[in-house]
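The chain contents come next:
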Amino acid sequence: MLKIKMYPAQNGDAFLIRSSGKNVLVDCGYASTFEDSVAADLHKISASGERLNLLVVTHIDSDHIGGVIALLEENGPNLPRNVIEIDEIWHNSLRCIQSTNVASIPPPQKAILDSVVRRGYPLASASGAKQISAKQGSNLATAVRRSGYSWNGADGTSAISRELPPYCLGGEDLVRVIGPSNERLGGLSRWWLAQLRKLGYQGPTGSDELLDEAFELICAHAPPARSLAKQISVGAKRRLADVYEPDTSVTNGSSIATVLEVGGVRLLFLGDAWAEDIVDSLVDLRSRGHSLLFDAIKISHHGSLRNTSPALLDLIDAPMYFVSSSGALHDHPDFEVLAAIVDRPAPFARALYFNYATDASARLRGYSPVSDATFSVIENATSWIEVSGGTHD
């Protein structure tokens, strides 16, 4: 039996997946998400003699990584860990993208990097979301490296990308990476460098601890892509095809997206990934004989209409969908995405799980789909949810 818990992560993501002694954590919301919700479950798992087999940090956003930083700080730098043993951490930092090590940084250039680090992470905009520490050395890449975790399969000097072979969790359980591409990670690195140059930095740009911290903090402050479609769509009866426009956020484009095949169940977890990149990867999977029917799908970017395209929905389906958002900050999820999911004909009933009740989920409860497909809306779904396999057979 596989079960998933979707935590109340405000406008962020935090998911724990458990199946027959295998445990995978995908993001951890804000620091308060870890402290108020996730920590207790991880202590219970550890007390039962189990461990986290994999911790996936999809990308550098405070609403995804704040809780991971809090977890690693509480877990401690040495074995045995204070919370839970972690076999493997996936996190793409500058160290993973740029292999050149920097010997030294001239003092004037170091002062610029120090100012970036002192700026810290963005202020938490979600109600009740505790700030993560802004002290130097508190960023995620530094915490992973200093505490000796297996990082991206070794020491963090290689990236997690869709070019990698499937990662084995043991037995027949595995994780397929379907995003990002190495090309997309290269684009993130170039964008970061351009931002750093705007601040006057002219020093070396390979990897070292201070540069890694500056990379993470600049990425965490990346502005969201601006959209006119959102204003057009509010309160209007428009189809997703009428309002969809692709995401252009470089940090979202770097999201680690995966297919988890655990205990005979297939899960599609999309982080905040770009729809066009996911379509490319899934078309390739289909060409190699893989079904694009899943047992459950975690919708990209909290149900934003910029990350779920009509083309993507033409490829994939599942009887269970997970939408993680309180509706704070960006008014996610967008109703057009939800309507497009349930409007499609299907041989099964769909259940859409929301960790909060939002305006969009309330509107969906009263919605009549254009097809004969049936669906249910489950709000405030923050308890364990069982997922059965076999949809793809």
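Quantities reported herein were computed from a predicted structural model and do not represent experimental measurements.

The rules behind each value
- Residues numbered from 1 in each chain as written.
- Predicted model: local features only at pLDDT ≥ 70, side-chain atom pairs only at ≥ 80, totals over all residues.
- Heavy atoms only, no water.
- Core = buried A, V, L, I, M, F, W, Y, C linked by side-chain atoms within 4.5 Å.
- Buried < 20%, exposed > 50% of the residue type's maximum accessible area, 1.4 Å probe, protein only.
- Helix = DSSP H or I, 4+ residues; strand = E, 2+ residues; numbered from the N terminus.
- Contact = heavy atoms within 4.5 Å.
- Pairing = 2+ DSSP bridges.
- Axes fitted to C-alpha atoms, helices over the stretch in contact; angles between N-to-C directions.
- Right-handed = clockwise from strand over helix to strand, strands pointing away.
- Phe/Tyr/Trp six-rings, centres within 6.5 Å; stacked < 30°, edge-to-face > 60°.
- Parallel < 35°, antiparallel > 145°, perpendicular 65-115°, else oblique.
- Left-handed = near helix turned anticlockwise from the far one by under 90°.
- Nonpolar A, V, L, I, M, F, W, Y, C, P; charged D, E, K, R; others polar.

Caption draft 1: Seen up close, the nonpolar core. Counting residues in hydrophobic clusters, the biggest one holds 57 residues, and the most contacted among them are Phe-34, Leu-42, Leu-71, Leu-72, Ile-86 and Leu-211. With eight residues, the top contributor of residues to this core is helix α7 (residues 209-220). Beyond its immediate stretch of four places on either side in the chain, Leu-42 contacts Leu-16, Phe-34, Leu-52, Leu-71, Val-83 and Ile-84. Ile-178, Ala-273, Leu-315 and Val-337 belong to the second largest nonpolar core, which has 38 residues in total.

Caption draft 2: Representation of the sheet that holds strand β13 (residues 375-378). An order of β6-β7-β8-β9-β10-β11-β12-β13 is seen for the eight strands of this open sheet, with the pairing classed as mixed. Both outer strands of the open sheet, β6 (167-170) and β13, are each paired with one neighbouring strand and no more. With strand direction ignored, the average angle separating the axes of adjacent strands in the sheet is 20°. Here strand β10 (residues 296-298) runs beside strand β11 (residues 320-323); their pairing, made up of two bridges, is parallel. Across the sheet, Ile-297 pairs through a bridge with Tyr-321, a residue of β11. Running at roughly 130° to strand β7 (residues 173-179), helix α11 (residues 275-287) makes contact with β7 and β8 (257-262) of the sheet. Where helix α13 (residues 335-343) meets the sheet, it contacts β11, β12 (350-354) and β13, and its direction lies at approximately 160° from that of β12.

Caption draft 3: Summary view of the pairing of β12. The element β12 is extensively covered by neighbouring structure, given that five of its five residues are classed as buried. Of the two faces of β12, both are covered, the one formed by Arg-350, Leu-352 and Phe-354 as well as the one formed by Ala-351 and Tyr-353. Relative to β12, β11 is paired through four bridges, and the arrangement is parallel. Paired with Phe-322 across the two strands is Tyr-353, which belongs to β12. With respect to chirality, the unit in which β11 leads through α13 into the neighbouring parallel β12 is right-handed. Note that β12 and β13 share four bridges and pair parallel. Its bridge partner being in β13, Arg-350 is matched across the sheet by Phe-375. The parallel pair β12 and β13 is bridged by helix α14 (residues 359-365), and the resulting crossover is right-handed.

Caption draft 4: Highlighting unusual backbone geometry. Of note, the amide linkage connecting Gly-179 to Pro-180 takes the cis form, showing an omega dihedral of 5°. The phi dihedral of Asp-27 falls on the positive side, at around 65°, and the residue is not glycine. Note on placement: Asp-27 falls in strand β3 (residues 22-28). At His-302, a residue that is not glycine, the phi angle is positive and equals roughly 60°. Structurally, His-302 is set in the loop between β10 and α12 (310-315). Taking the relative accessible area as the measure of exposure, His-302 reaches 3% and is therefore buried.

Caption draft 5: Main features of the packing of aromatic side chains. Applying the stated criterion to the full structure yields six aromatic pairs. Considering the side-chain rings of Phe-15 and Phe-269, the 5.3 Å spacing of their centres and the 90° angle between planes classify their relative orientation as edge-to-face. Highlighted residues: Phe-15 in strand β2 (residues 14-19) and Phe-269 in strand β9 (residues 265-269), separated in sequence by 254 residues. Taking the centre distance of 5.3 Å and the plane angle of 70° together, the rings of Trp-90 and Tyr-167 count as edge-to-face. Within this pair, whereas Trp-90 is found in strand β5 (residues 89-90), its partner Tyr-167 is found in strand β6, the two being separated by 77 residues in sequence.

Caption draft 6: Local environment of the sheet that holds strand β4 (residues 54-56). Taken in spatial order, the six strands of this open sheet run β5-β4-β3-β2-β1-β14, and their pairing is mixed. Looking at the sheet topology across the chains shown, the edges are occupied by β5 and β14 (385-387). Across three bridges, the pairing between β3 and β4 is parallel. Directly across from Val-26, in β4, lies its bridge partner Val-56.

Caption draft 7: Spatial organisation of the packing of helix α1 (residues 31-47) against helix α2 (residues 62-75). At a closest axis distance of 9 Å, the pairing of α1 and α2 adopts a crossing angle of 55°. Considering the angle they form, α1 stands oblique to α2. Classified by chirality, the crossing of α2 by α1 is right-handed. Listed contacts from α2 to Ala-31, Phe-34, Leu-42 and His-43 of α1 are Gly-66, Gly-67, Ala-70, Leu-71 and Glu-74. Across the contact of α1 with α2, the residue classes break down as five nonpolar, three polar and one charged.

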